[in-house]
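# Coordinate inspection notes
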Amino acid sequence: MKQYAEITDRGECLATLYTFPQIPWPESFLKHVACREEWSKSDFYPHNGLVAEIPYVISQNISLKIDIDIYILKINETFYVPMTIKGIKLLSESEYRNKRPFNKIQGMDERQSRINDFWT
């Protein structure tokens, strides 16, 4: 059964998850596309209000030092975004279908850009 979500706290986005070697990516291509470096090629950055399908979940695995479930969102059939449960609200399929036409793809806002520049 498909799952759907809305981003409610973009601060829970794991934009640099690919840098952690212990992550067991469910598909190898995800490591290269579910990150801010890939998103920046299309001037995209996750923001609150975007809705998405959840095609993958990386389950908590203490032996791999993964202490949370990681939800990989697929936004507009294009962008893959790793999020924690704290940053999303699960949606029904009908809620997702009603909100999806309003997904607006945009880059980082000024505040997020400053935060990211500080950490890079």
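Residues numbered from 1 in each chain as written. Predicted model: local features only at pLDDT ≥ 70, side-chain atom pairs only at ≥ 80, totals over all residues. Heavy atoms only, no water.

## Some details on the nonpolar core
- Among the nonpolar cores identified, the biggest contains 17 residues, and Trp 39, Phe 44, Leu 73, Ile 75, Val 81, Met 83 and Ile 88 are the most heavily contacted of them.
- Of all the secondary-structure elements, those providing two or more residues to this core are β1 (3-7), β2 (51-58), β3 (70-75) and β4 (79-83).
- Residues in contact with Ile 88, not counting those within four places in the same chain, are Ala 5, Glu 6, Ile 7, Thr 8, Ile 54, Tyr 71, Leu 73 and Met 83.
- Among the nonpolar cores identified, the runner-up in size contains 11 residues, and Ile 23, Ala 34, Ile 58 and Ile 70 belong to it. (Core = buried A, V, L, I, M, F, W, Y, C linked by side-chain atoms within 4.5 Å. Buried < 20%, exposed > 50% of the residue type's maximum accessible area, 1.4 Å probe, protein only. Helix = DSSP H or I, 4+ residues; strand = E, 2+ residues; numbered from the N terminus. Contact = heavy atoms within 4.5 Å.)

## Some thoughts on the state of the cysteines
- The full count for this structure, using the stated rule, is zero disulfides.
- For the unlinked cysteine Cys 13, the closest cysteine sulfur is that of Cys 35, found at 10 Å.
- A relative accessible area of 4% places Cys 35 in the buried class. (Disulfide = S-S within 2.5 Å.)

## Structural notes on the packing of aromatic side chains
- Within the structure shown, the criterion is met by five aromatic pairs.
- The interplanar angle of 80° and the centroid separation of 5.5 Å between the aromatic rings of Phe 29 and Tyr 80 together place this pair among those described as edge-to-face. Linking Phe 29 in the loop between β1 and α1 (30-33) with Tyr 80 in strand β4, this pair joins segments that are 51 residues apart in sequence.
- The exposure class assigned to Phe 29 is partly exposed, which follows from its relative accessible area of 34%. (Phe/Tyr/Trp six-rings, centres within 6.5 Å; stacked < 30°, edge-to-face > 60°.)

The analysis is restricted to geometry; functional conclusions fall outside its scope.
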